[in-house]
Amino acid sequence: AGNRGVAPQAQIMLVKLGRSLEGELSRTTNLMRAVDFLIRKAQQRQQPAVINISYGTNYGDHLGNSLLENYMDQAAVLWKTSICVGTGNEGDTGRHKQGRLREGQIEMIEISVAPYETSWNLQIWKNYADEVAVEIRSPSGEEQRIDGQTGFAERKFGQTALSFFWGMPTPYNRRQEIFLLFSAQEQVESGVWTVILIPGKIKDGMYAMWLPVSEVTSRNTRFFVPDTSLTLTIPSTADTVVSVG
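Residues numbered from 1 in each chain as written. Predicted model: local features only at pLDDT ≥ 70, side-chain atom pairs only at ≥ 80, totals over all residues. Heavy atoms only, no water.

Engineer: Explain the confidence of the model for the protein chain here, please?
Structural biologist: For residues with low pLDDT, the predicted coordinates do not support detailed interpretation. The share of residues in the protein chain with pLDDT of 70 or more is 96%, and the mean pLDDT across the chain is 91. For the protein chain, strand β8 (residues 151-157) is the element with the lowest average pLDDT, namely 90, and strand β13 (residues 222-223) is the one with the highest, namely 98. (pLDDT = per-residue confidence, 0-100. Helix = DSSP H or I, 4+ residues; strand = E, 2+ residues; numbered from the N terminus.)

Following this line, the structure appears as structure tokens:
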């Protein structure tokens, strides 16, 4: 594009995503504002627009239900717009785990956490109707149960703090999110952390977990037995974008 290639008469417009704090990645709101800016400019110029997005996150259930995915679906049908999104490089990084819970069968998921991590997080997505208790076992063997109360709560595992959130269904997603953030002033306890899922009354049973994308933490922080399906990053999981691998 620009002066050579398959679209020599195309013009290139770059939008640099802002950062909220030094060292932070851009927020998804920055990305939505950038897409909105480009579509408005294309409308003003009465030109079609192809928007290239080499950006991806693991935050969401990867089924098209997040606010960012919904926004991309709506933006892609505005004006004469085609949105192309890279699918990421997460296929072999061990960042995803999924399965089906059955009543009376406890599920134990092991996560290897590399040394020198100051923080890492885990999302658990499940059907809101399924009753599931969660226990966390640290590498040193300490176990604590997380009850099903909605909202934020905290636990301590030695020098490692665990902040967690039990979500409620939203207007754009009826699945329930359980978000866990492990953090420490110096470093989170490294080794094998175990997430124990204890099913109660189960209607559906499907669950899915994601760690942050591999650029955010050490590549040695990963599930011991990961799944390679649904490793596309968000927003390439939106329905009306062109997902590019």
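Engineer: Explain the pattern of salt bridges here, please?
Structural biologist: A pair can form between side chains of opposite charge whenever their charged atoms are brought close. All told, the structure shown has four salt bridges when counted by the stated rule. Between Asp36 and Arg40 there is a salt bridge; the shortest N-O distance is 2.8 Å. Placement of both Asp36 and Arg40 in helix α1 (residues 28-45) is noted, with a separation of four residues, approximately one turn of the helix. With a shortest N-O distance of 2.6 Å, Arg137 and Glu143 are connected by a salt bridge. The class of Glu143 is partly exposed, set by a relative accessible area of 39%. (Salt bridge = Lys/Arg side-chain N within 4 Å of Asp/Glu carboxyl O. Buried < 20%, exposed > 50% of the residue type's maximum accessible area, 1.4 Å probe, protein only.)

Engineer: Explain the sheet that holds strand β9 (residues 160-166) here, please?
Structural biologist: Consider a sheet: its strands pair through backbone hydrogen bonds, and that pairing is either parallel or antiparallel. Spatial ordering of the open sheet is given by β3-β12-β5-β10-β9-β8, a layout of six strands whose pairing is antiparallel. If you trace the sheet from one side to the other, it starts and ends with β3 (96-100) and β8, each paired once. On average, each strand axis in the sheet is inclined to that of its neighbour by 15°, with strand direction left out of account. Both β3 and strand β12 (residues 206-210) contribute to a ladder of five bridges, which runs antiparallel. From the neighbouring strand, His96 faces β12, where its bridge partner is Trp210. (Pairing = 2+ DSSP bridges. Axes fitted to C-alpha atoms, helices over the stretch in contact; angles between N-to-C directions.)

Engineer: Teacher, can you tell me more about α1 here?
Structural biologist: Since there are 3.6 residues in each turn of an α-helix, residues three or four apart along the chain are aligned in direction. With 18 residues, α1 ought to run about 26 Å at 1.5 Å a step, and its terminal C-alpha atoms sit 26 Å apart, in line with that. Listed in full, the buried residues belonging to α1 are Asn30, Leu31, Met32, Ala34, Val35, Leu38, Ile39 and Ala42. Those residues of α1 hidden inside the fold are in contact with β1 (49-53), α2 (67-75) and β2 (81-86). Just downstream of α1, Gln46 is the residue with a positive phi angle, here 60°. (Expected span 1.5 Å × (residues − 1). Contact = heavy atoms within 4.5 Å.)

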